[in-house]
Amino acid sequence: MPELPEVETIAKQLDKKLRGRTIKSVELLQTGRETPQGSKFVKAVEGKKIERITRRAKLLIWNFTDGSAMLAHLKMTGRFVFVDKDYQLGKHDRAIFIFSGLRIADSGLVRLVWSDVRKFGFVKIVKPAELVDVMACYGPEPLESQAQELADRLKSPKTRMVKAALLNQEVIAGVGNIYADEALHRAKLRPTRRLGTLSIEDRLRLAKEIKRVLCEALKQGGTSANDYVDASGAKGKFLDFLRVYGRKGERCRECGTEIKRITIGQRGTHYCPKCQI
DNA sequence: CCGAACCTGTGT
DNA sequence: ACACAGGTTCGG
């Protein structure tokens, strides 16, 4: 589900609410997607003080004051949502985190629920050294990099389709299926184009559009195409601004041509056959 | 490189 | 019944 704008939105909300707090207790409702497993996980997180909560690629990073961290990947349907004391447990809830210092008077939000319908997501406790490795294994952060640096990442392998390259987190971090399609439309490039066929201008234009679309989506709190909600349970508002994603059969907002849908790397891929060459 | 796998839910 | 869903990893 969430890509960079959605994960960033959640990271900021969690950071604002939880920075400086201590994880008082954790209730594991369903085991199997946490590391270490079961009671070891509970033992590893309880009592940890949160220094700050950040994002790298599509990973949420809960930095603890002792240098260790909890990584959380939401994959397709993962959620972190603040709930009040009257919250009724849902079928797909995996854990509830309770934080010290949070009172009912604090806008009534006392607990954070981690849920995940499809169970692809995970949380993992890592030591400082492993955290360094994880941070280094991804490509550059698009919102913190110059367009030229991103453009340079899109040179090779020459035979790779540009859409596939955009989905590879080692090339550029945080771009997923929605924003790959949207950036390619804005840059007027077919998703099937091979990297080797892109001119210097093409790559720079694409890099700029990647930055632009991610920035605009972030301002709208991300895109709720299916299940996505932020930590307050609210949907993202960028859906209304999408130009191709999920618009198969509808008219291109630029030229009126019918939006096509093809499959690249087992992912639905949307584009305008007239605007995108 | 491609397809399958991990899962559940929803829409046609 | 079948296609499809914001992701990633693994095997062939």
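About the criteria used
- Residues numbered from 1 in each chain as written.
- Chains lettered and ligands numbered in written order.
- Predicted model: local features only at pLDDT ≥ 70, side-chain atom pairs only at ≥ 80, totals over all residues.
- Heavy atoms only, no water.
- Near = heavy atom within 4 Å.
- Polar contact = N/O pair within 3.5 Å; in protein donor to acceptor, adjacent residues only side chain to side chain.
- Nonpolar A, V, L, I, M, F, W, Y, C, P; charged D, E, K, R; others polar.
- Helix = DSSP H or I, 4+ residues; strand = E, 2+ residues; numbered from the N terminus.
- Expected span 1.5 Å × (residues − 1).
- Buried < 20%, exposed > 50% of the residue type's maximum accessible area, 1.4 Å probe, protein only.
- Arc of directions from axis to C-beta.
- Contact = heavy atoms within 4.5 Å.
- Salt bridge = Lys/Arg side-chain N within 4 Å of Asp/Glu carboxyl O.
- Pairing = 2+ DSSP bridges.
- Axes fitted to C-alpha atoms, helices over the stretch in contact; angles between N-to-C directions.
- Parallel < 35°, antiparallel > 145°, perpendicular 65-115°, else oblique.
- Left-handed = near helix turned anticlockwise from the far one by under 90°.

Novice: What is the right way to read the protein's contact with DNA strand B from this model?
Specialist: Surrounding DNA strand B, one finds Lys91, His92, Val117, Arg118, Lys119, Phe120, Arg160 and Gln266. Sugar and phosphate atoms represent 52% of those atoms of DNA strand B found within 4 Å of the protein. Contacts to DNA strand B include Lys91, whose side-chain N or O atom sits 3.0 Å from a phosphate oxygen. A distance of 2.9 Å separates a base nitrogen of DNA strand B from a polar side-chain atom of Gln266. Its residues assigned to classes, the surface near DNA strand B shows 2 nonpolar, 2 polar and 4 charged.

Novice: When you look at helix α7 (residues 200-219) in this model, what are you seeing that I'm missing?
Specialist: What sets the pattern is the α-helix's 3.6 residues per turn: residues three or four places apart point alike. In this model α7 runs 29 Å from its N-terminal to its C-terminal C-alpha over 20 residues, within 8% of the 28 Å that 1.5 Å per residue would give. Looking only at α7, the buried set comprises Asp202, Arg203, Leu206, Ala207, Glu209, Ile210, Val213, Leu214, Ala217 and Leu218. All buried residues of α7 project into a common sector of 165° when viewed along the axis, lining one side. Structural note: α7 exposes Ile200, Glu201 and Lys219 on the side pointing more than 90 degrees away from its buried face. Considering only its buried residues, α7 is in contact with α1 (4-18), α4 (147-152), α5 (162-167) and α6 (177-186). Once α7 finishes, Gly221 follows within two positions and takes phi at roughly 75°, a positive value.

Novice: Could you clarify how one ought to interpret the pattern of salt bridges in this entry?
Specialist: A side chain with one charge may pair with a side chain of the opposite charge, provided their charged atoms come close. Applying the stated criterion across every chain, the model contains 18 salt bridges. As a salt-bridge pair, Glu141 and Arg55 come within 2.8 Å of each other at their nearest N and O atoms. One end of the pair, Glu141, is in the loop between α3 (128-136) and α4; the other, Arg55, is in strand β3 (residues 50-56), and 86 residues separate them in sequence. Each member of the pair, Glu141 as well as Arg55, carries the same accessibility label: buried. The shortest N-O distance in the salt bridge between Glu182 and Arg186 comes to 3.2 Å. Pair noted here: Glu182 and Arg186 are both in helix α6, with a separation of 4 residues, about one helical turn. Here Glu182 matches Arg186 in class, with each residue buried. Overlapping salt bridges bring together Glu8, Lys12, Arg55, Arg56 and Glu141 as one network.

Novice: Is there a simple way to think about the pairing of strand β7 (residues 93-99) in this case?
Specialist: If a strand is regular, its side chains alternate between the two faces of the sheet. The buried fraction of β7 is high, at 6 of 7 residues. Note: strand β1 (residues 23-28) against β7, 5 bridges, orientation antiparallel. Along β7, the bridge assignment pairs Ile23 with Phe99. Of the strand pairs in this sheet, β7 and strand β8 (residues 111-116) are connected by 5 bridges, and their pairing is antiparallel. The partner of Asp93 across the bridge, within β8, is Ser115.

Novice: For this particular structure, what's the right way to read the sheet that holds strand β2 (residues 34-35)?
Specialist: Where strands meet in a sheet, backbone hydrogen bonds hold them as pairs that are either parallel or antiparallel. Spatial strand order, β2-β9-β5-β4-β3: 5 strands in an open sheet with mixed pairing. In the strand order of this sheet, the two ends are held by β2 and β3, each with one partner. In this sheet, strand β9 (residues 122-126) lies alongside strand β5 (residues 69-73) in antiparallel orientation, the contact comprising 5 bridges. Along β9, the bridge assignment pairs Leu71 with Lys124.

Novice: Help me out: how do you make sense of the pairing of β5 in this one?
Specialist: Counting buried positions over the 5 residues of β5 gives 5, a clear majority of the element. The two faces of β5 match: Ala69, Leu71 and His73 on one face and Met70 and Ala72 on the other face are all buried. In terms of strand pairing, strand β4 (residues 59-64) meets β5 through 5 bridges, oriented antiparallel. For Leu60, the partnering residue across the bridge sits in β5 and is Ala72. The loop that links β4 with its antiparallel partner β5 comprises 4 residues; one of these, Gly67, has a positive phi angle of about 95°.

Novice: Got a minute to help me understand the packing of α1 against α7 in this structure?
Specialist: How two helices pack is summed up by the angle between their axes together with the distance between the axes. Their axes nearest at 9 Å, the elements α1 and α7 cross at an angle of 40°. Taken together, α1 and α7 sit at an angle that is classed as oblique. Considering only the axes of α1 and α7, their crossing is right-handed. Taken together, the residues of α7 that come into contact with α1 (itself represented by Leu4, Pro5, Glu8, Thr9 and Lys12) are Leu214, Ala217 and Leu218. When grouped by side-chain class, the residues that make up the contact of α1 with α7 number 5 nonpolar, 1 polar and 2 charged.

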